Amino acid sequence: LKAVPAMPLPLEDLTALYVNEERPPTVRNFALIYVEQAHARAAPEARAAQILPLLKGISARPRQAADIICRLAITALAVPEKQVRTAVDDMEFMTNANDR
């Protein structure tokens with residue numbers, strides 16, 4: 001995959017795999033590695049949409065995973081407001097004080 005950086009990856013499916021608590025930790029960790037690669041290749045709208053599930057419950061995630069997600073959030077949310085389809089007050093991670 002690194003040899004073909006223009007090849008898109010299924011960001012939505014990889015995000016769903018990572019946030020699925022029923023999956024083993026090893027599967028989720030590999031999913032996050034690919035989420036990071038997919039994120040870099042995705043359109044700004046897709047990045048903005050898929051960062052919200054990752055941010056939910058971030059305080060309960062391992063430190064290394066939380067750091068990766070925070071880095072992704074910086075680029076995902078640094079887009080024009082029209083690309084973020086959810087109001088800040090409706091973002092689930094904003095309702096949990098530990099996640100803010």
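Structure's up top.
How each quantity is defined
- Residues numbered from 1 in each chain as written.
- Predicted model: local features only at pLDDT ≥ 70, side-chain atom pairs only at ≥ 80, totals over all residues.
- Heavy atoms only, no water.
- Helix = DSSP H or I, 4+ residues; strand = E, 2+ residues; numbered from the N terminus.
- Contact = heavy atoms within 4.5 Å.
- Expected span 1.5 Å × (residues − 1).
- Buried < 20%, exposed > 50% of the residue type's maximum accessible area, 1.4 Å probe, protein only.
- Arc of directions from axis to C-beta.
- Phe/Tyr/Trp six-rings, centres within 6.5 Å; stacked < 30°, edge-to-face > 60°.
- Lys NZ or Arg CZ within 6 Å of the ring centre and 35° of its normal.
- Core = buried A, V, L, I, M, F, W, Y, C linked by side-chain atoms within 4.5 Å.

## Considerations on the environment of Arg23
Here comes step 1: Within the secondary structure, Arg23 sits in the loop between α1 (11–19) and α2 (25–41).
Here comes step 2: Not counting chain neighbours up to four residues away, the residues in contact with Arg23 comprise Leu17 and Arg28.

## Here's the deal with helix α4 (residues 63–77)
Helical geometry: 3.6 residues make up each α-helical turn, so side chains three or four residues apart lie on a common side.
Here comes step 1: In this model α4 runs 21 Å from its N-terminal to its C-terminal C-alpha over 15 residues, within 8% of the 21 Å that 1.5 Å per residue would give.
Here comes step 2: Buried within α4 we find Ala65, Ala66, Ile68, Ile69, Leu72, Ala73 and Ala76. The buried residues of α4 occupy an angular sector of 160° when projected down its axis, which confines them to one face. Seen from the open side of α4, the exposed residues pointing more than 90 degrees away from its buried face are Arg63, Gln64 and Ile74.
Here comes step 3: Those residues of α4 that are buried are in contact with α1, α2 and α3 (44–55).

## Here we look at the packing of aromatic side chains
Each aromatic ring pair is described using two quantities: the centre-to-centre distance and the angle formed by the ring planes.
Here comes step 1: In total, this model carries zero aromatic pairs according to the counting rule given.
Here comes step 2: Of note, Arg28 hangs over the ring of Tyr18, and the distance from its end group to the ring centre comes to 5.1 Å.

## Description of the side chain of His39
Here comes step 1: For His39, the position within the fold is in helix α2.
Here comes step 2: Residue His39 is classed as buried on the basis of its relative accessible area of 6%.
Here comes step 3: Once residues lying within four places of it in the same chain are set aside, the contact partners of His39 are Leu11, Arg47, Leu72, Thr75 and Ala76.

## As for the nonpolar core
Here comes step 1: Ranked by internal contacts, the top residues of the largest apolar core, which has 21 residues, are Tyr18, Leu32, Val35, Ile51, Leu54 and Ile69.
Here comes step 2: Contributing elements (two or more residues each) for this core: α1, α2, α3 and α4.
Here comes step 3: The greatest single-element share of this core, amounting to seven residues, is contributed by α4.
Here comes step 4: For Ile69, the contacting residues outside a window of four places in its chain are Tyr18, Leu32, Ile51, Leu54, Leu55, Ile58 and Arg61.

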